[in-house]
Every structure is written in C-alpha cells, then in structure tokens.
Amino acid sequence: MESKERLIVALDVDTKETCLKLIETLSPVVDIFKVGIAPFVEFGEEILQELRHRRKKVFLDLKFHDIPNTVKNAAIAAVKKEVFMINFHCLGGEKMLQEAVFGVKDFCAKKGIKAPILLGVTVLTSMAQEDLAALGIKSDVKTKVREFAVTAKRSGLDGVVASSQEILDIKEVCGKKFLVVTPGIRPKGAIAGDQKRVETPLSAIKDGADFLVVGRPIIGAQDPVLAAKNILEEMSE
Ligand code: C5P
C-alpha cells in the first residue's frame, strides 16, 4: 500500500470555513480525512458532503460508547453517511461491540453495500499509566491495550486504534491482518501537546501501523501541504 493510502488527516478545526479551506488545500496530497466529535457536532453534515463530493475517504471518529442497542443504531446511522471507517470504545464492553458489528454487517448485507472498517478504541494516546490508575484500572497500559485488542477481535471488529508503542504487541496477539490505526504521531521535534504516547511516522510504519492519524503536526503547520508531504516521505523511507 502507498503511504498516501495510510495517512489520515484529522480535521480538528473549529470553524466550517477553516475546515473547508483545509480540505481544499490538502486534497491534492491527502485521500483520507478524519472527522471527529467537535467538527461533527458543529458542522458535520456539510463537511461530509464536501468530502463525498471530492471522493475522499472518511474516518468518522465518534468513538461510540453507550448501551449495546444505542451503539448499534448509531453505527448504522454512521454507515448511512457512506464512511470508510468508524470506531467504538472498547471500554463499552464485548456485548456492545458485538451488537455494533452485528448491526452494521446485517444492515450492509441487506443493502448490498460494503461495510466500513470497524475499529475499537483501546487506551487513548493522551493517557499514560497514572491516568489508568486514576480510573481504578490496575493493569499497565500495554496489558490493557492488548486485552482490549483481543476483545475487539473476538467481537468481530477489523482492528483497533492504539499508540504506535503497542503495534508489535497487538499484531503478535491478534495477527498481522488485524488493523492498527495509530494517532499520537509526531515527526521529530514536533510538540506532543496533550498526547503522551507518541512516536514518529517512520517508527509507526516500521512497527507495522496500517494507518497513521495526524492532526496538529499537519493542520497546525505554517504550510500544511508541505507538512503532509514531509510525513508521507518519511513514511515511504
Ligand atoms: O493533533 P493530533 O495529531 O494529536 O490529533 C490526533 C487525533 O487522533 C485527534 O483527532 C484525536 O481525537 C484522535 N485520537 C487520538 N487518540 C485515540 C483516538 C483518536 O488522539 N486513541
């Protein structure tokens, strides 16, 4: 797979105008865009329309976490938006994940359409050991991520979102084909911000990441196109 098919740019901006401008600027070099909860709540529909119009792939990053029936319905609603990838918090439990997978597969089979990639969110990349402990979770981050990945696979999901520090571990227990999508990507010298488990694009690719999610290092750059090109180049090394 080419680097361009693995890079997902997070459209984490606060106005519709900025978002549309960013899509226009980055479209020649970026094929997959991530729409997260903030832009989705504020101006999601218009952005999704624009991305569909440009034939871009969309990772709808709404991290569903609720009772199984509600999550199943939310997942089906997301599929109707013709997206490439959606995700669920593994913390919602196996029943919730299974119900979501069943709902999506059943809906897609009846409609004769391809299901989007279904991912489980493991431990957020903004969290470290002490944050898990504060939640009363006693295991270390790596163990918890591995447990979530195994649950995700057993529930029928296609892969997980995790930091690139856990890719090797996940691939070892869940197999090479089980997808790992990694946020917390920071080229050398970039500011980590609220991310705690960060790695460079090259390191993530070397470890076997299937997709890299990059927000601020691209969208906050003076020249987002150049920043995206540099990351794509590093990924191809
Ligand atoms: O700006 P930055 O590169 O840190 O953006 C990372 C993006 O990936 C954000 O949109 C964030 O919501 C998302 N994300 C994450 N950690 C996860 C799942 C998604 O950072 N576990």
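Residues numbered from 1 in each chain as written. Predicted model: local features only at pLDDT ≥ 70, side-chain atom pairs only at ≥ 80, totals over all residues. Heavy atoms only, no water.

### Let's talk about unusual backbone geometry
With phi around 60°, Arg-55 is a residue other than glycine that occupies positive phi space. Tracing the sequence through the fold places Arg-55 in the loop between α2 (37-53) and β3 (57-64). Relative accessible area serves as the criterion here: at 78%, Arg-55 is assigned to the exposed category. (Helix = DSSP H or I, 4+ residues; strand = E, 2+ residues; numbered from the N terminus. Buried < 20%, exposed > 50% of the residue type's maximum accessible area, 1.4 Å probe, protein only.)

### Concerning the environment of Arg-52
Mapped onto the fold, Arg-52 is located in helix α2. With near-sequence residues (within four places) excluded, Arg-52 lies in contact with Glu-45, Lys-81 and Glu-82. (Contact = heavy atoms within 4.5 Å.)

### Digging into the sheet that holds strand β7 (residues 179-182)
Spatial strand order, β1-β2-β3-β4-β5-β6-β7-β8: 8 strands in a closed barrel with parallel pairing. Each strand of the sheet is rotated relative to its neighbour by a mean of 25°, with strand direction disregarded. In the sheet, strand β4 (residues 85-89) pairs with strand β5 (residues 117-121) via 5 bridges, with the strands oriented parallel. Directly across from Phe-88, in β5, lies its bridge partner Gly-120. The strands that α2 touches are β2 (32-36) and β3; relative to β2, the one it contacts most, it runs at about 145°. (Pairing = 2+ DSSP bridges. Axes fitted to C-alpha atoms, helices over the stretch in contact; angles between N-to-C directions.)

### Observations regarding the UniProt feature "domain: Orotidine 5'-phosphate decarboxylase" (unreviewed entry) in the protein
Mapped onto this structure's residue numbering, the UniProt feature "domain: Orotidine 5'-phosphate decarboxylase" (unreviewed entry) falls at residues 6-231. Segment residues 6-231 splits into 46% helix and 17% strand. End C-alpha atoms: 11 Å apart. (UniProt positions renumbered as here; feature names shortened; annotations may be inferred.)

### Looking at the site of the ligand
As a structural note, the neighbourhood of the ligand is formed by 16 residues, with Asp-12, Lys-34, Arg-186, Gly-215 and Arg-216 the closest of them. A distance of 2.5 Å is found between an oxygen atom of the ligand and a side-chain nitrogen or oxygen belonging to Asp-12. At 2.9 Å, a side-chain N or O of Gln-195 approaches an oxygen atom of the ligand. Bound to the protein, the ligand loses 88% of the 470 Å² it would expose on its own. Among the elements of the structure, β3, β8 (211-214) and α9 (216-219) are those that each provide at least two residues to the shell around the ligand. Tallied by class, residues from the shell around the ligand come to 7 nonpolar, 3 polar and 6 charged. (Near = heavy atom within 4 Å. Polar contact = N/O pair within 3.5 Å; in protein donor to acceptor, adjacent residues only side chain to side chain. Areas by Shrake-Rupley, 256 points an atom, 1.4 Å probe, with all protein chains shown as cover. Nonpolar A, V, L, I, M, F, W, Y, C, P; charged D, E, K, R; others polar.)

### Details of the environment of Leu-157
Structurally, the position occupied by Leu-157 is in the loop between α6 (141-154) and β6 (159-161). Beyond its immediate sequence surroundings of up to four residues, Leu-157 is in contact with Phe-88, Leu-97, Val-101, Leu-118, Leu-119, Gly-120, Ala-152 and Phe-178.

### Section: the side chain of Ser-155
Mapped onto the elements, Ser-155 comes out in the loop between α6 and β6. Classification of Ser-155 by relative accessible area gives buried; the value is 5%. For Ser-155, the contacting residues outside a window of four places in its chain are Glu-94, Leu-97, Gln-98 and Val-101.

### So, the side chain of Asp-169
Inspection of the secondary structure puts Asp-169 in helix α7 (residues 167-174). Residues within four places of Asp-169 in sequence aside, it is in contact with Lys-142 and Arg-146.

### Digging into the state of the cysteines
In a disulfide, the sulfur atoms of two cysteines are covalently bonded to one another. For the structure on display, the rule yields 0 disulfides. Unpaired in this structure, Cys-174 has its nearest cysteine sulfur neighbour in Cys-90, at a distance of 9.9 Å. (Disulfide = S-S within 2.5 Å.)

### So, the pairing of β5
Counting buried residues in β5 gives 5 out of 5 residues, a clear majority hidden from the surface. Of the two faces of β5, the one holding Ile-117, Leu-119 and Val-121 and the one holding Leu-118 and Gly-120 are both buried throughout. Note that the unit made of β4, helix α4 (residues 94-111) and β5 has a crossover that is right-handed. Here β5 pairs with β6 via 3 bridges, running parallel. Directly across from Val-121, in β6, lies its bridge partner Val-161. (Right-handed = clockwise from strand over helix to strand, strands pointing away.)

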